[in-house]
Amino acid sequence: MSSSCGISSSSSSSSIRSELLTNPFGRKYITPSKTYHHHTSTKSKCGIRRRDFGVKGIIVAGTSIIGSSLATDSPVQGMEMLPFKPEGYNFWTWRGQQIHYVEQGQGTPIVLIHGFGASAFHWRYNIPELAKNYKVYAVDLLGFGWSEKALIDYDAMVWRDQVVDFMKEVVKEPAVLVGNSLGGFTALISAADLADQVVGVALLNSAGQFGGANAKTEQVTEESVLQKFLLKPLKEAFQRVVLGIVFWQAKQPARVKSVLKSVYVNSTNVDDYLVQSITKPADDPNAGEVYYRLMSRFMSNQTKYPLEIILSKLSCPLLLLWGDLDPWVGPAKANQIKEFYPKSSLVNLQAGHCPHDEVPEQVNGALVEWLSSLKIKPPVLTV
């Protein structure tokens, strides 16, 4: 696999099941340092498989599809954590669906977008600190967190449209988009459509992939009667069984804690509150169906939106905050983005896939330093 981080699928149900019951990575990491450094020439093979992203990613990111239960005590000494409100913070109606978001602080707006399976809570250590000097929004994407579990065909463009409308209807002024994993990819495609309102984008171990010369061209072929009425229904029924097992396994406390500790380089923040937020059963009866639709449909369409096409439409400064020890999206991908997009800066961190929750002090410091370098003009007030 190339360093462009392609997503490949696996059709073996037995491998998925066995992967749930064993150590997913089987590797040790060093504890992150207290400082961060700028772009280095470190090389790493980068690969994300559909199975890895869906099975392991849904667990480590917070699995907010299956509910949230948070506490207010902070395991990070000296850092304030976003207080938990069981009823949520704020809600905005979008296309008839309730969208949850957090809003704190005053100043230039920053919109935080979580990764696959996570929620606004995953920015628990970033929101209070950034809100000291900025107006911070953290939005739950449709189908995740406290946002509604809509029974729709999920596609990256759904979340792009959601963020674009959120910027226009809620934020209403120039802002910076910050995203982790799937949220990073969503931030990119949203910024490409909001050149006049997005003044900067920050990516933390972002999803997405480059197409490259070897990218497969999508071919539309007419389904035969056999495919349409027999093979396709059988395939979907099999997927439902397998993904039902995966969904159930992802909620088991011992399994959740084991996976979290293997993907957070420093497992200090893998606390009981985080585990509880993952294991609490979903109150929403649609949660399982949303998970099935995400895994069986959305995850199979990742090659539709190559990064080179999206980046070619971008015009604002780009910050890459990258956990170099990420077992899914290594530093090679960050280097490739930086090489392709000249207006980018790279900060390498000794962390895993979710550096904002693992090394929040370093991420907050790097973000504030970069934000202070942007030439952001205040909005023109009209009477």
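What you are looking at is a predicted structure, and each value in this text was computed from that prediction instead of being measured.

Considerations on the overall build of the protein chain
- Along the protein chain, the regular secondary structure elements total 13 helices and 11 strands.
- In the protein chain, the share of contacts with a sequence separation of at least 24, taken over all contacts with a separation of at least 6, comes to 81%.
- Surface accessibility of the protein chain: about 16800 Å² in total, with carbon and sulfur atoms responsible for 51%.

Focus: the pattern of salt bridges
- Inspection of every chain in the model, using the stated rule, returns 8 salt bridges.
- Among the salt bridges present, the one from aspartate 357 reaches arginine 124, with a minimum N-O distance of 2.7 Å. Of this pair, aspartate 357 sits in helix H12 (residues 355-358) while arginine 124 is found in the loop between strand E6 (109-113) and helix H3 (127-130), placing the two residues 233 residues apart along the sequence. Both residues of the pair, aspartate 357 and arginine 124, count as buried.
- In this structure, the salt-bridge partner of aspartate 161 is arginine 160, at a minimum N-O distance of 2.8 Å.
- One salt-bridge network, in which partners are shared between bridges, spans Arg95, Arg160, Asp161 and Asp193.

Concerning the side chain of lysine 149
- Looking at where lysine 149 falls in the secondary structure, it is placed in the loop between strand E7 (135-139) and helix H4 (156-171).
- Looking at lysine 149, the relative accessible area reads 7%, which means it is buried.

Section: the packing of aromatic side chains
- Throughout the structure, instances matching the rule amount to 10 aromatic pairs.
- Where phenylalanine 116 meets phenylalanine 144, the ring centres are 5.6 Å apart and the plane angle is 65°; that geometry is what we call edge-to-face. One end of the pair, phenylalanine 116, is in the loop between E6 and H3; the other, phenylalanine 144, is in the loop between E7 and H4, with 28 residues separating them in the sequence. The pair formed by phenylalanine 116 and phenylalanine 144 is uniform in burial state, with each residue classed as buried.

Examining unusual backbone geometry
- We note that arginine 95 has phi near 50°; this positive angle belongs to a residue other than glycine.
- Looking at the secondary structure, you find arginine 95 in the loop between strand E4 (90-94) and strand E5 (97-104).
- If you check the backbone angles, serine 181 has positive phi at about 55° while not being a glycine.
- One can find serine 181 in the loop between strand E8 (175-180) and helix H5 (182-192).

Reading the values: rules and limits
- Residues numbered from 1 in each chain as written.
- Predicted model: local features only at pLDDT ≥ 70, side-chain atom pairs only at ≥ 80, totals over all residues.
- Heavy atoms only, no water.
- Helix = DSSP H or I, 4+ residues; strand = E, 2+ residues; numbered from the N terminus.
- Contact = heavy atoms within 4.5 Å.
- Areas by Shrake-Rupley, 256 points an atom, 1.4 Å probe, with all protein chains shown as cover.
- Salt bridge = Lys/Arg side-chain N within 4 Å of Asp/Glu carboxyl O.
- Buried < 20%, exposed > 50% of the residue type's maximum accessible area, 1.4 Å probe, protein only.
- Phe/Tyr/Trp six-rings, centres within 6.5 Å; stacked < 30°, edge-to-face > 60°.

Treat this as a map of the structure, not an account of what it does.
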